[in-house]
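Secondary and tertiary structure notes
Letter by letter, the chains look like this.
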Amino acid sequence: MTLFGIAWRNIRQRLLTSGLTALSLALGVALVVATLVIGGVVRDAFASGSGLGYNLIVGAKGSPLQLVLNSVYLVSKPIENISWDFYQEFLPADTRSDGTAGRFAGSVATAVPICMGDYYRSFRVVGTNTAYFDRLSLGDGRSFSFAGGRNFRAQEFFGGVLGSTVAATLGLSVGDRFAPTHGADDGLEHDPFIVTGILARTDTPVDRGVYVNMEGFYLQEGHARPVVAGESAAASEMPAPDQAGGSGTASHPDPLPFAQREVTAILVETASPAGMPAELLAMGLKTTINEGQAGQAAEPVREIRTLLDLFVRPLELLLLLLTTLVVIVSAIGILVSMVGSSLERSRDVAVMRALGARRSHVLTTVLLEAVLLAVGGGLAGWLLGHGIVAAIGPLITTNAGVSAGFFSAAPLGELLLVPFLVVLAVLAALLPALAAYRTDVAKWL
Amino acid sequence: MTDPVILLENVRKSFAMPGGERADVLDVPGFVLARGEQAALEGTSGSGKSTLLHVISGIMRPDAGRVVVAGTDITRLDEGRRDRLRADTLGLVFQQFNLLPGFTAVENVLVAMSFATGKPDRARATALLEAVGLGHRLHHKPAELSIGQQQRVAVARALANRPLAILADEPTASIDAAHQQQVVDLLRNTCTEHGVALLVVTHDPDVARQFPRRLRLEDFNRAGRS
């Protein structure tokens, strides 16, 4: 019979105490594993959202982080709107009514406007144009694809596209109607839109968005900018028929005049002229915009890195620290359990010593018991931790737009957990092990 | 006389008392147990019988004198080597049997083998238990065995490493009269079969008189004599 076998027998002999000790350790480890995995998943969520095929976001002056959170992650409130004229500065000549290129058009490959402020059953509604899904791509270069239906067309003022999470959660399918509400879930109900397409899952915040044709969005109550005195001429300027497609009828209403329009933000993919990196151009464009008064430009990647460094990582570290403390307390449970059984153990140790066991045998056996408890409890905790992630996976998917399941992992942290546990267990067992080592054999026989 | 398995010369042992003074427990000028010899050691309670067994088995180091076990003066050995020599050459049987409660009968025997050779021999452990009539109780834990069966496991365990001598400390003290004779017979017969010397410490004259050699500790222990 090996020392390992003897240690295992000792654990089985004190099954209830050992089981409770291992359970306590398992709960601690489960919390650590769940924290590590969910932390990793959340970081992935931010990382995936920070590179959605555009490298600049232009919006109203204010917090760049708020601009990014609102525009990319569909959380937080919009800062303010920016003017339609400012948006026009990003467009090439062929898409502008005056036939001249915008001031920033030379630096821009794609500029997609978004208008926000409406909700549909807790999901954010984004008014945009067809370019969102036709021109932008996912961060890894893949184009958006549709699990059903297609992108809305420019002329379909009341067409809309649903993210995969929205469609799955609300049970909507192509052809269904939905009526956004203004400002909040219980706000004024707008005209209904028709689902023209449902996006394939992207594992990005896009999955949580409701995207509608901004022409229809503009026509809803409260979405037109009030015209002030002196703007009457500009206010009457209408989009070209081929640009907006209205006919002035109830089913095909006229589009909102440009002067009454605003956008919440512009998603900008900068151009990559030969020999010049897009990042350099983005930096220059950002500086130029930020020096002006019309709006600000923010780099999603940079802002998210700042967010992660300033808030997410410290929070994650704090959680990790707390959960690690739980594990340490659990490890102290090993100590308590072993000290508690030391009287019983002393007699057994004395018998083993009388049978010829050396002090080192006794010491090793006690330490092995602790290691076995730690490994057993750790393994159970690891499984439980992944079970927790799997259980709350749907919640994470709904709120963060990324999938999290049993097999989601934080490999480095989880690998480090094993030696950490073993060291902790050995440290916790050192005191009872030394007590066993020093057992007075004659006294206990 | 054949070679002694156990030889004591001028062995002294004392313990510190709560007041700081020392109390002499053992002062044995000489003691010999020959190979295959069977002896009963009698003595009153507190006369030092158990201490003598602990000194012989190397569990306790004497203050002075020589304790030779199987030709080796164990007072010159460090604790680890004493442990090893004890595992290799001596078998111990205790008053409370002292079986490990979490281990089955056969595992109690295997554990003793582990500490001696490091290579437990399950076939031999099984054979020893069968020899003491416990072939049908191999996988029972001590709590599932009768007092008599537990003592038989203790005897089988004492024989596990082919010892030269078995030291039994009051092996009949905690069992009823009916079982006392069984235990004495078991120890004597088993030691005879295996050619193992036997030293039984007892305070019971009925047990002692069954042995060919009968010693009173007070006769050769000078400690406490004024």
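None of these values were measured; they are calculated from a predicted model.

**Focus on the overall build of chain B**
- The secondary structure content of chain B amounts to eight helices and nine strands.
- By residue count, 50% of the 226 residues in chain B fall in the buried class.
- Contacts in chain B between residues far apart in sequence, at least 24 positions, make up 71% of those at least 6 positions apart.

**Overview of the overall build of chain A**
- Of regular secondary structure, chain A possesses 15 helices and 13 strands.
- Expressed as a percentage of contacts within chain A between residues at least 6 apart in sequence, the contacts between residues at least 24 apart total 75%.

**Some remarks on the nonpolar core**
- Residues A:Ala370, A:Ala425, B:Val109, B:Leu129 and B:Ala165 are the most contacted members of the largest nonpolar core, which totals 122 residues.
- The element contributing the most residues to this core is helix α2 (residues 15-49) of chain A, with 13 residues.
- Here B:Leu129 is in contact with B:Ala105, B:Val106, B:Val109, B:Leu134, B:Gly135, B:Leu138, B:Val153 and B:Ala156, once residues within four sequence places are set aside.
- Counting 64 residues, the second largest nonpolar core, distinct from the first, contains A:Ile82, A:Val263, A:Ala265 and A:Val268.

**Overview of unusual backbone geometry**
Residues and elements named next belong to chain B.
- Notably, Ala70 is not glycine yet its phi reads approximately 50°, a positive angle.
- For Ala70, the location among the structural elements is in the loop between β4 (64-69) and β5 (72-73).
- Accessibility expressed as a C-beta count within 10 Å gives 18 for Ala70, which makes it partly exposed.

**Focus on the interface of chain B and chain A**
- Contacts between the two partners involve 23 residues from chain B and, on the opposite side, 18 residues from chain A.
- Looking at the side of chain B that touches chain A, the elements that each hand over two or more residues are α2 (79-89) and α3 (105-116) of chain B.
- With seven residues, the single largest contributor to the side of chain B that touches chain A is α3(B).
- Considering only residue class, the side of chain B that touches chain A consists of 14 nonpolar, five polar and four charged.

**Considerations on the environment of A:Thr196**
All names here are of chain A.
- With respect to the helices and strands, Thr196 occurs in strand β9 (residues 193-199).
- Linking Thr196 and Arg153, residues 43 residues apart in sequence, is a C-alpha distance of 8.9 Å.
- When residues no more than four places from it in sequence are discounted, the contact partners of Thr196 are Gly149, Arg150, Asn151, Phe152, Glu156, Gly159, Gly160, Val161 and Val174.

**Quick notes on the pairing of strand β6 (residues 159-162) of chain A**
All names here are of chain A.
- A two-sided burial pattern is seen for β6, the buried positions comprising Gly159 and Val161 on one face and Gly160 and Leu162 on the other.
- For β6 and β9, the ladder comprises four bridges, and the chain directions are parallel. From the neighbouring strand, Leu162 faces β9, where its bridge partner is Ile198.
- Looking at chain direction, β6 and strand β10 (residues 209-213) are connected through three bridges and run antiparallel. Each residue of the ladder has a partner; that of Leu162, found in β10, is Val210.

**Brief notes about the confidence of the model for chain B**
- On average, residues of chain B score 89 in pLDDT, and 98% of them reach the 70 mark or higher.
- For chain B, per-element mean pLDDT is lowest for helix α6 (residues 177-194) of chain B, which scores 85, and highest for β4(B), which scores 95.

**Things to note about the sheet that holds strand β6 (residues 90-93) of chain B**
Residue and element names in this part refer to chain B.
- Pairing in this open sheet of five strands is parallel, and the strands run β6-β7-β8-β3-β9 from one edge to the other. The strands lining the two open edges of the sheet, one partner per strand, are β6 and β9 (213-216). Neighbouring strand axes in the sheet, compared pairwise and without regard to direction, differ in orientation by 20° on average.
- Direction of pairing for strand β7 (residues 165-169) relative to strand β8 (residues 197-202): parallel, over a ladder of five bridges. From the neighbouring strand, Ile166 faces β8, where its bridge partner is Leu198.
- This element, helix α5 (residues 147-158), spans β6 and β7 of the sheet and lies at about 165° to β6.
- Of the strands in this sheet, β3 (38-42), β7 and β8 touch α6, which is tilted by about 160° from β8.

What counts and how
Residues numbered from 1 in each chain as written. Chains lettered and ligands numbered in written order. Predicted model: local features only at pLDDT ≥ 70, side-chain atom pairs only at ≥ 80, totals over all residues. Helix = DSSP H or I, 4+ residues; strand = E, 2+ residues; numbered from the N terminus. Buried ≥ 20, exposed ≤ 12 C-beta atoms within 10 Å, placed from the backbone. Contact = placed C-beta atoms within 7 Å. Core = buried A, V, L, I, M, F, W, Y, C linked by C-beta atoms within 7 Å. Nonpolar A, V, L, I, M, F, W, Y, C, P; charged D, E, K, R; others polar. Pairing = 2+ DSSP bridges. pLDDT = per-residue confidence, 0-100. Axes fitted to C-alpha atoms, helices over the stretch in contact; angles between N-to-C directions.

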